[in-house]
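Remarks on the overall topology
Listed below are the residues making up each chain.
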Amino acid sequence: MTAHAERPPWRAATAAALGAAAALVVLPSWAPRLVASLHGTQPPAWWQLSRVMGVVAFVLSWASVMLGLGITTRALRRWPGSARAVALHRHTSVLALGFALAHALLLLGDRLVHFSARELLLPFAVPHAAWLAVGAGQLALYLLLIVLASSHARRDLGVRLWRALHYSTFAVFALAVAHGWFAGSDRSALTAVYALAAGSVLSMTVYRVVRRAGAVTA
Amino acid sequence: MSATTTDARARSDAAARSLVTALAVAGTLVGWVVLARPTVAPPPAPQLDAVEPAIATPVDTPAIATPVDTVTGASP
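Residues numbered from 1 in each chain as written. Chains lettered and ligands numbered in written order. Predicted model: local features only at pLDDT ≥ 70, side-chain atom pairs only at ≥ 80, totals over all residues. Heavy atoms only, no water.

Details of the packing of helix H2 (residues 9-36) of chain A against helix H1 (residues 3-36) of chain B
When two helices pack together, their arrangement is given by the angle between the helix axes and the distance between those axes. Just so we agree on the cut-off: A fitted line through C-alpha atoms serves as each axis, taken over the contacting stretch for helices, and the angle formed by two N-to-C directions is quoted from 0 to 180°. Here a strand is any run of E in DSSP of at least two residues, a helix any run of H or I of at least four, and the numbering for each starts at the N terminus. An angle counts as roughly parallel when it lies under 35 degrees, as roughly antiparallel when it exceeds 145, as roughly perpendicular when it falls between 65 and 115, and as oblique in every other case. Should any heavy atoms of two residues lie within 4.5 Å, those residues are counted as being in contact. Polarity classes work like this: nonpolar for Ala, Val, Leu, Ile, Met, Phe, Trp, Tyr, Cys and Pro, charged for Asp, Glu, Lys and Arg, and polar for all others, with Gly in that last group.
Contact geometry of H2 of chain A with H1 of chain B gives a least axis separation of 9 Å together with a crossing angle of 70 degrees. By the criterion of interaxial angle, the relationship of H2 of chain A to H1 of chain B is roughly perpendicular. Where H2 of chain A approaches H1 of chain B, its residues Trp30, Arg33 and Leu34 of chain A are matched on the opposing element by Leu29, Val30, Trp32, Val33 and Ala36 of chain B. Looking at side-chain class alone, the contact of H2 of chain A with H1 of chain B contains 7 nonpolar, no polar and 1 charged residues.

Focus: the pattern of salt bridges
Note the threshold: By definition here, a salt bridge exists when the distance from a side-chain nitrogen of Lys or Arg to a carboxyl oxygen of Asp or Glu is within 4 Å. To sort residues, take the accessible area from a 1.4 Å probe on protein chains only and compare it with the maximum for the residue type: under 20% means buried, over 50% means exposed, and anything in between is partly exposed.
Applying the stated rule across the entire model yields 3 salt bridges over all chains. For Arg84 of chain A, the salt bridge identified is with Asp13 of chain B, shortest N-O distance 2.7 Å. In this pair, Arg84 of chain A sits in helix H5 (residues 82-105) while Asp13 of chain B sits in helix H1, so the two residues belong to two different chains. Between Arg11 of chain B and Asp7 of chain B there is a salt bridge, with its nearest N and O atoms 3.1 Å apart. Note that Arg11 of chain B and Asp7 of chain B are positioned in helix H1 at a spacing of 4 residues, about one turn of the helix. Taking the relative accessible area as the measure of exposure, Asp7 of chain B reaches 41% and is therefore partly exposed.

Side note on the interface of chain A and chain B
What counts is decided by this rule: Buried area, as used here, totals the accessible surface that two parts lose on assembly, with accessibility defined by a 1.4 Å probe and the loss added over both. Any N or O atom pair separated by 3.5 Å or less is treated as a polar contact, with the protein-specific requirement of one donor-capable and one acceptor-capable atom, and with residues adjacent in sequence counted only for side-chain atom pairs.
In this complex, chain A contributes 24 residues to the contact, which on the side of chain B involves 21 residues. Between chain A and chain B, the buried area comes to about 2000 Å², and carbon and sulfur atoms account for 76% of it. Contact with chain B buries area across many residues of chain A, yet Trp30, Arg33 and Arg84 of chain A alone supply 27% of it, more than any other trio. Counting across the chain A and chain B interface gives 1 salt bridge. Across the contact surface, chain A and chain B share 7 residue pairs in polar contact (both at pLDDT 80 or more).

Quick notes on the confidence of the model for chain B
Fine structural detail should not be taken from predicted coordinates in areas where pLDDT scores are low. Here is the rule we go by: For every residue, the predictor assigns a confidence score, pLDDT, that lies between 0 and 100.
With 49% of its residues at a pLDDT of 70 or more, chain B shows a mean pLDDT of 73. Across the interfaces of the predicted complex, the ipTM metric reaches 0.84, alongside a pTM of 0.79.

Some details on a positive patch on the surface
All names here are of chain A. Heads up, the rule is: Think of a patch as exposed residues, more than 30% relative accessible area, with no salt bridge, where like charges cluster within 9 Å and nonpolar side chains (Val, Leu, Ile, Met, Phe, Trp, Tyr) cluster within 5 Å. With residues, only the protein chains shown are counted as cover, and all accessible areas are computed by Shrake-Rupley using a 1.4 Å probe. Working convention for charge: Lys and Arg count positive, Asp and Glu count negative, and His plus the chain ends are omitted. By convention, the point assigned to a charge is CZ for Arg, NZ for Lys, CD for Glu and CG for Asp.
On the surface, Arg74, Arg77, Arg78 and Arg211 cluster together to form a positively charged patch. A total of 3 residues in the positive patch trace back to one element, the largest contributor, which is helix H4 (residues 74-78). The class for Arg74 is exposed, based on a relative accessible area of 61%.

Observations regarding the layout of surface pockets
All names here are of chain A. Filter applied, for reference: A 1.4 Å probe that fits but cannot get out identifies a cavity on a 1 Å grid over protein atoms alone, an open set with protein on both sides within 12 Å along at least five of seven lines counts as a pocket, and a residue lines either if it has an atom within 4 Å of a point. Grid points are joined across faces, edges and corners, and a volume is the space filled by probe spheres set on the points.
The calculated volume of the largest pocket comes to roughly 1100 Å³. What lines the largest pocket is a set of 30 residues, among which Gly68, Ile71, His89, Trp162 and His166 lie closest to the centre. Taken together, the elements giving at least two residues each to the lining of the largest pocket come down to helix H3 (45-70), H5, helix H7 (131-152), helix H9 (159-166), helix H10 (169-183) and helix H11 (187-217). Class assignment for the residues of the lining of the largest pocket results in 13 nonpolar, 11 polar and 6 charged. In this model, the second largest pocket occupies a volume close to 880 Å³. If you go around the second largest pocket, you meet 41 residues; those closest to its centre are Gly54, His103, Ala104, Gly137 and His179. Counting residues per element, the ones that place at least two in the lining of the second largest pocket are H3, H5, helix H6 (117-121), H7, H10 and H11. A per-class count over the lining of the second largest pocket returns 28 nonpolar, 11 polar and 2 charged.

Shown next as structure tokens:
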């Protein structure tokens, strides 16, 4: 018997009914706004989607870093469990890379700010007041790509080199915070998010360092 | 560990990953709707020439005489 056959049939029906009810409530107010943002000579949808996907990529990278730092802690071993924490750590980092790539590539279609492919690909090439902060985001994206590639090639690279490369995740996160803080259009609305994310990663890092130092001296 | 337990764990992990992906996509849609909402127009700036002076300059206006019907002596 397959796994799907074991599931009670009312689950799918309930999920479909709930989804349809939610769509009936939400779509009449949501759909016109989304359609309107795709119209006009300068449709703002590209810019809006790029901004949102940048924020989602940041939240995913924060979740990935926190899961990575917390894998060996007692709390994560209890829930969701070490194996699942590792699986989610990998999944969130891949998702973060996907959303960050979409965040950058969507700007190619944007007609409000006008970024060329060269300016998007080459770090610090943006002729913009916030060129340094935009460059920080570009560097973070390339570094994240290297970190993820090194994780997939871990067996070939060896644990020592993989670990050295994996430590650059801290640089990725710091660059992402700097990018969002200094170049982000939504900084005023997301100040608390950036502060909480940076504070939690810093606290968790200090905890890990102190715990390891304690384990070494014990 | 039995094959059933391994299979259940794999399904559970897949469900957790799907949930994270769905949350990220839902977050993107909600964020887009928030950014695409019609912006409220700011109140118009006050115009300088529309502001009345604090002290009105007294103007000597002649009293307007009420027209009186010279025949009957009645006023409208």
